There are 4 protein chains.
Amino acid sequence: MTRILITGGLVITAAEELLADVLIEDQQIVALASTGSEVAAGWTADRVIDATGRYVIPGGVDAHTHMELPFGGTSASDTFETGTRAAAWGGTTTIVDFAVQPVGGSLRAGLDSWHAKAEGNCAIDYAFHTIVSDVTEEVLKELDLLTESGESTSFKLFMAYPGVFYSDDGKILRAMQRCAGNGGLIMMHAENGIAIDVLVEQALAAGHTDPRYHGEVRRELLEAEATHRAIKLAQVAGSPLYVVHVSAASALAELATARDQGLPVFGETCPQYLFLSTDDLARPGFEGAKYVCSTPLRPREHQAELWKGLRTDDLQVVSTDHCPFCFVGQKELGRGDFSKIPNGLPGVENRMDLLHQAVVEGRISRRRWIEIACAAPARMFGLYPRKGTIAPGADADVVVYDPGATQTISATTHHMNVDYSAYEGRRLTGRVELVLSRGNVLLEEGRWLGRAGHGGFLRRGTCQYLS
Amino acid sequence: MTRILITGGLVITAAEELLADVLIEDQQIVALASTGSEVAAGWTADRVIDATGRYVIPGGVDAHTHMELPFGGTSASDTFETGTRAAAWGGTTTIVDFAVQPVGGSLRAGLDSWHAKAEGNCAIDYAFHTIVSDVTEEVLKELDLLTESGESTSFKLFMAYPGVFYSDDGKILRAMQRCAGNGGLIMMHAENGIAIDVLVEQALAAGHTDPRYHGEVRRELLEAEATHRAIKLAQVAGSPLYVVHVSAASALAELATARDQGLPVFGETCPQYLFLSTDDLARPGFEGAKYVCSTPLRPREHQAELWKGLRTDDLQVVSTDHCPFCFVGQKELGRGDFSKIPNGLPGVENRMDLLHQAVVEGRISRRRWIEIACAAPARMFGLYPRKGTIAPGADADVVVYDPGATQTISATTHHMNVDYSAYEGRRLTGRVELVLSRGNVLLEEGRWLGRAGHGGFLRRGTCQYLS
Amino acid sequence: MTRILITGGLVITAAEELLADVLIEDQQIVALASTGSEVAAGWTADRVIDATGRYVIPGGVDAHTHMELPFGGTSASDTFETGTRAAAWGGTTTIVDFAVQPVGGSLRAGLDSWHAKAEGNCAIDYAFHTIVSDVTEEVLKELDLLTESGESTSFKLFMAYPGVFYSDDGKILRAMQRCAGNGGLIMMHAENGIAIDVLVEQALAAGHTDPRYHGEVRRELLEAEATHRAIKLAQVAGSPLYVVHVSAASALAELATARDQGLPVFGETCPQYLFLSTDDLARPGFEGAKYVCSTPLRPREHQAELWKGLRTDDLQVVSTDHCPFCFVGQKELGRGDFSKIPNGLPGVENRMDLLHQAVVEGRISRRRWIEIACAAPARMFGLYPRKGTIAPGADADVVVYDPGATQTISATTHHMNVDYSAYEGRRLTGRVELVLSRGNVLLEEGRWLGRAGHGGFLRRGTCQYLS
Amino acid sequence: MTRILITGGLVITAAEELLADVLIEDQQIVALASTGSEVAAGWTADRVIDATGRYVIPGGVDAHTHMELPFGGTSASDTFETGTRAAAWGGTTTIVDFAVQPVGGSLRAGLDSWHAKAEGNCAIDYAFHTIVSDVTEEVLKELDLLTESGESTSFKLFMAYPGVFYSDDGKILRAMQRCAGNGGLIMMHAENGIAIDVLVEQALAAGHTDPRYHGEVRRELLEAEATHRAIKLAQVAGSPLYVVHVSAASALAELATARDQGLPVFGETCPQYLFLSTDDLARPGFEGAKYVCSTPLRPREHQAELWKGLRTDDLQVVSTDHCPFCFVGQKELGRGDFSKIPNGLPGVENRMDLLHQAVVEGRISRRRWIEIACAAPARMFGLYPRKGTIAPGADADVVVYDPGATQTISATTHHMNVDYSAYEGRRLTGRVELVLSRGNVLLEEGRWLGRAGHGGFLRRGTCQYLS
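Residues numbered from 1 in each chain as written. Chains lettered and ligands numbered in written order. Predicted model: local features only at pLDDT ≥ 70, side-chain atom pairs only at ≥ 80, totals over all residues. Heavy atoms only, no water.

### Focus on the pairing of strand β3 (residues 17–25) of chain B
On a regular strand, one side chain projects to one face of the sheet and the next to the other, so that they alternate.
Residues and elements named next belong to chain B.
Thought 1: Counted residue by residue, β3 has seven buried out of nine residues, so it is predominantly covered.
Thought 2: Direction of pairing for strand β1 (residues 3–7) relative to β3: antiparallel, over a ladder of four bridges. When the sheet's bridge partners are listed, R3 is paired in β3 with E25.
Thought 3: Across three bridges, strand β2 (residues 10–12) lies against β3 in antiparallel orientation. Each bridged residue has a counterpart across the sheet, and for L10 the counterpart in β3 is L19.
Thought 4: The antiparallel hairpin formed by β2 and β3 contains four residues in its connecting segment. (Buried < 20%, exposed > 50% of the residue type's maximum accessible area, 1.4 Å probe, protein only. Helix = DSSP H or I, 4+ residues; strand = E, 2+ residues; numbered from the N terminus. Pairing = 2+ DSSP bridges.)

Put into structure tokens, the structure is as follows:
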């Protein structure tokens, strides 16, 4: 048995801030003791990490990534290898990626294919949601099987992208009904894609081809409408609902209303919606293409509402929707036609730091930082308390974080496999100093000690907000 | 020139209650004068109708009827001849019926077909809305043409009935965008038919075949959802919206919210939703089939909310959605499968009296009675002040109404061509005594003096609530 | 009998727009006939007024004026003589002023005193609300008596002005309970005066003495709070409620919510809140004092919300709260202490024209103009249809209005007895051309033909929105 | 140093459920370790408590008690000695009681008086809020001093009880403004006492003297109104607000609205509102007097809304408002006049068990049980993490709870000094087995081992929900 002892740090979880020493035996945290207590003083270890003046926090859980996702004739530029390594550099030690049901195929086939991409390549632990492209009788049965086995207990449906991932309201209802019974969680991309496609066609016909029109046609009202509709369908089905990448204040308002009614409705937003805006999408030249993602960036005034939602717990989770495409060769596919720009932004490496910046700026508390970035995603997707907290029995996924260090985000220094950063030049206070994954040091003093294949696949329980 | 003088009655319009004499020259009302004034005393006429102790009201305007509508392999049992005669018996002197775009055909074709049914057969004046079954580029152009010519300035779309009248959100958006520009009014059947069809299939599979399941599968939440969605699409398009046959309190709440925001959103309800309920739909045997219509009847507690909506003007119009099917041979098509019961109720003859009963019971004022039954539908569909009021210049469509007479509704005495009454045995206070249509007496002392062919087709202006 | 005939104009009421000739016999309108009809062609009269190209509208009803009101050690500068003459110049033919219960005295005493001021001095008809300064057992009985006799059927209470007019919630509740039974209407000045007085004291202590601080201390939230509280007290009492001079968007939102619930709650706003803003209150020097009134002017963005409220009928009435104080010698009392500036603005002469300007600018329709300025105040305070409409049986208070004439508002040309205009230099389209009060011409071709003493006291019925 | 080790239990905090051993050194918890881990296996202690099959939870924090409170000519029947002992029997190890500012005196004087009552008499730790009876300049200064020193960092004001504790809106505003600056927390009894007193007088005058009229006059609308008003005043002041003993669904709705806006507004409810109703207040004879408290019990349907509020976190805290009066000799003071019944219910001993019953019935999760009963009140009133959690560094206030034991509540077996139980005969699952207060065993195997005087006074920090 190997013992690691982290001493003298401020242990921060979603619930507590403690001056405590953390004892790790092999892959698990086994004990916490008050720093300076007699019992702590008696602890010995193979390695002692001095965290004095540092935060000791759970490794981040990023519940929304798309490594190697085929999209629009190209693929997201991070592999599971490059992407999970970048995640670890940013203090994230668990990702939940999306296996895609192939056209005409089964969820099983999608998972097999994604397992093949990930297995042996990940630096950190990983799990899979499943993207349901077509709700058939067979797929409904798979929802039961996968939830039962824990291989995938959450299933994403799309109200956008007709002809690709789109499910109509009947298919959505059927999937929700099934999950009402089996404990699975429906995740929803909530935009009225049928209406948006009309506006896309009209915009292109009018010669409005620049990236900023991507934001204009994907109208805020159409995100709010779809969010409302998804909530009502879930209410009819008696199922819970998790809305991904909420970007519009009015969509958030729909979630808040539902939650006031006591409905089991949850929401996620992403750093890009908290820190970027349509101003970025409207950057001159074709620069705006770097900021094309769906739901789109919104006008700046939405940011304050999203922060408010994070404080009021009407939004529970901040994930990245990490889906990077290089500007050169990938984003450029959409020159002259914004609808051909691959949708997605890089971010898996930046999330923990950007959210800590919000702590520095007084937008959220330290505990809320850990809650939205670690504990809540772990609870939401059945990984808690194995992931998302510092507690006896938890996996030893621990980050030593220096709250006073400063850094400047840049594509020249980041570890994601993409040729630009959406946050280029942004100066932040706070920095990851050391990262443990199940007791293994991945990162220390700026050196990478991790390895592809250390990360293992995580079976999951069901959503822990429902019990 | 023929002069008719109606003396001594209480003239009631949406705005006024006056003791006034009404002078008609040929087909028009030309003057009102205070009863007993010198000027009135000097008036002479070919015929003087003494209305002392009676109400003198505008003829009713029923903005939602379906005479001879083919539906579910059969046809609504009232022809334009029988239906308009029954309307007149009930104090209604104008109907707006729906011409249906044939599958693969044009709106023009639908109108031609409906003109052929109506022309020469109507006892009262009539106009047409158009039901848009498929929104094509050609149809969009027809929306302009028909609005311009006044042949039809309102267009009904369906969010229900997939595979029949259903339009998806993209088609709806396109039609709304067109009407945002041309002044036309989109009328919406707001139920999420895609989701409902899933529930229908599941209900039948579970052996739930009785009429009452018609009400259960057409969930209130799915009417409210569709209403919300229609409002949002109209907001995106910048167009007005008129929601037909609102039956659910929560759908009404969506309208109220939109109207509070100042949006040009309007709503109609029908006597069946104000006076009947799921109790009727659940009558034993197959009796419930008599009460199958869509949107369906709702639990009794919705009635109070609808009455409130009529008082607060969140609902503007009460129409009948008159669409009668005989119990024997028509409703019976759905024995053993509620989804095969033809949807629709008779009512064109009962509307004015039922709403007067609400006056008697203190639910609405006399002026509001006239507003929701005469003036508002006329304004909504571009017929005011020709129809819907008693004023100089208006058509002489006048009803002398005895507020103290009593009657009992019954299929044995009604004039609609249908073998049952939805209000059988209901005792009412108030009764139509005499009916004029453009100065012609249709009905007097219980005798029918009208004739098929007296009624003419009405070209219309655009919605008068938008200016 | 004298007959006047007004021919060829567009008769506009709250409900209709008609090309009609209007026949007056002595003091009343007795008949309307279609212009050009045979019957109209046969009419003869002592005087024929050609209104071709003009609007023929009901005389305005200003339901909120304060002539000769003692306030803050001075008195409103318009007497009943000067004020009613100015009203007529502006197309208003009825005012409802406020008789004030003297400290320690009865409502009777207040009415006696106000009758003495008005009788024989008014150019137009007038009525009285009563300001209740102290709710005693005796006063509660007077609420019954006055409502019964029609001498005053509406009673104003203040949640502002502690130590002067202020009633606490218990007194308000008692008065409301009484009116729930007797049909009287409680009018409320809804501002939390107790809290405001704390802020006034603190502002003055901090040296914030300029007029603009008047607006800052009378916080929007404190108008909304009081409005909400008044509504809840009325709900407890089961009484209707009329909130005077609503200026804040959030106060209006409280009314809208109550009305959505079907509560008999009504609201009035004033031209100053629709056309002026805190920008005026913050004018340099002591100019802002000209714009000191309570509730105060609000930031400019509130105007759009108030216009919306007028369109959605969440506000029913536009009155002036006419309460003029000269800048020299009166407003100046508050130099160095905004709390000593007499509260009130002149406006009785400008209301009809300013609201017509809103018609010109497309904010409201012509019919809505007449409704909010004539018909609704008449209905609200039991004067309809004697006042507020053009109909057989109505008083012949008629204005011939030239919609195309232009004018510039100025203190140099207005007829109010005050040395400034709140709308100085504002250019308007539309102008009063001729004014009749009960068949007497008050004003014609820019000449004053009226006389003090023509106007008579009006007994009133109860609020006509409650039946 | 004394060491206690609690082994094998399920440690439940607001955030976690862990199979962990808990190590106590003297008065503090110093460490947690996974049960069965090597490190835990190595721990030794003076006493080992085997908690296998039991919950190990933080001692309860009851943030609202009134021991020995003089009220209505009598005094609450529990002294600090009897009341804190009863609290411990029920698993509560901290109370926050209320020191009352004497009429004409200072907060200091109130605290001195309450310190004298409590010191040396308490079995568990205690703290004080201060009841502010009169907001003077001197009192405003004391708000600063007491918050600074931590002697009392929360201050209760009353919108009810005119002539006793009542503060008008101006005084409330001043106190709130002060706390906006100094970090203190205003607690509000939110009922419109001015209006209620009118209804009380009218009820008594009408001969409505039975206990149930206590509930009828204290109208739900008047709790909701006062709650709304308190929120708006806090918004004007820029201060946080904590509303005590919320009982009405509509008052809760006001809190929910405010929290959706991101305002720092908090709410507490009590077991009596969750488990009792107006049915109890209407018990025959004078039995209802046992259930007289303010805010009053509400109709049964409010309970579901309050539970929902606890789940949605619109209510954060469940306290008891423990204020017992014996039926004989105390409650009986109000025979023939409900307004003379002393207001208050016993409950300090029952709270933890009643809320556990809600866990058993599936209304709340185990973690939420601990949050609303232990962690949230500790955070709200600046006692966390010393109180309210099981964590290294926390006071060793620990309860070993048997979730499977059953008990029946009865006055014959309870330890509160009052002759009845509001929950007489209620059968519950779950029972306190052992209680530690700062490492001292107070209670074990049904034997009382505690002593008056063990409990010490707690200085507090400020509200921890604001940072």
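### Examining the interface of chain B and chain A
In many analyses, interface size is given as the accessible surface area lost on bringing the parts together.
Thought 1: Chain B puts 24 residues into the contact, and the matching count from chain A is 24 residues.
Thought 2: For the pair chain B and chain A, the two sides together bury roughly 2100 Å², of which 64% comes from carbon and sulfur.
Thought 3: Its largest share of buried area at the contact with chain A, chain B owes to R174(B), L221(B) and V236(B), together 24% of the area lost on that side.
Thought 4: Our count for the contact surface shared by chain B and chain A stands at five salt bridges.
Thought 5: In this structure, R229(B) engages E225(A) in a salt bridge whose closest nitrogen and oxygen atoms are separated by 3.7 Å.
Thought 6: Counting across the interface, chain B meets chain A through nine residue pairs in polar contact (both at pLDDT 80 or more).
Thought 7: A per-element tally of the side of chain B that touches chain A places helix α8 (residues 220–237) of chain B first, with nine residues.
Thought 8: By residue class, the composition of the side of chain B that touches chain A is nine nonpolar, six polar and nine charged. (Contact = heavy atoms within 4.5 Å. Buried area = accessible area lost by both parts, 1.4 Å probe. Salt bridge = Lys/Arg side-chain N within 4 Å of Asp/Glu carboxyl O. Polar contact = N/O pair within 3.5 Å; in protein donor to acceptor, adjacent residues only side chain to side chain. Nonpolar A, V, L, I, M, F, W, Y, C, P; charged D, E, K, R; others polar.)

### Concerning the arrangement of the chains
Thought 1: Regarding chain A and chain C, which are not in contact, the minimum distance between any of their C-alpha atoms is 16 Å.
Thought 2: Separating chain B from chain D is a minimum C-alpha gap of 16 Å, and the two share no contact.

### Re the packing of helix α6 (residues 193–205) of chain C against helix α5 (residues 169–182) of chain D
Thought 1: Look at α6(C) against α5(D): their axes get within 7 Å of each other, and the N-to-C directions meet at 50°. Regarding the angle of α6(C) to α5(D), the classification is oblique. Relative to α5(D), the crossing made by α6(C) is right-handed. Here α6(C) contributes I194(C), A195(C), V198(C), L199(C), E201(C) and Q202(C) to the contact with α5(D), which in turn contributes D169(D), G170(D), L173(D), R174(D) and Q177(D).
Thought 2: Residues belonging to the contact of α6(C) with α5(D) are distributed by class as follows: five nonpolar, three polar and three charged. (Axes fitted to C-alpha atoms, helices over the stretch in contact; angles between N-to-C directions. Parallel < 35°, antiparallel > 145°, perpendicular 65-115°, else oblique. Left-handed = near helix turned anticlockwise from the far one by under 90°.)

### Section: the packing of aromatic side chains
Thought 1: Across all of its chains, the model carries 67 aromatic pairs over all chains by this definition.
Thought 2: Between Y126(B) and F128(B) the ring centres are 5.7 Å apart and the planes differ by 55°, which places this aromatic pair in the tilted class.
Thought 3: The exposure class assigned to Y126(B) is buried, which follows from its relative accessible area of 2%.
Thought 4: Members of the aromatic cluster, each reached through a chain of ring pairs, are F71(A), F158(A), Y161(A), F165(A) and F325(A).
Thought 5: Over the ring of W114(A) we find K117(A), and its NZ or CZ is 3.6 Å from the ring centre.
Thought 6: One residue, K290(B), lies across the ring of F327(B), its end atom 5.3 Å from the ring centre. (Phe/Tyr/Trp six-rings, centres within 6.5 Å; stacked < 30°, edge-to-face > 60°. Lys NZ or Arg CZ within 6 Å of the ring centre and 35° of its normal.)

So, to be careful, I would describe these as geometric facts and stop short of saying anything about function.
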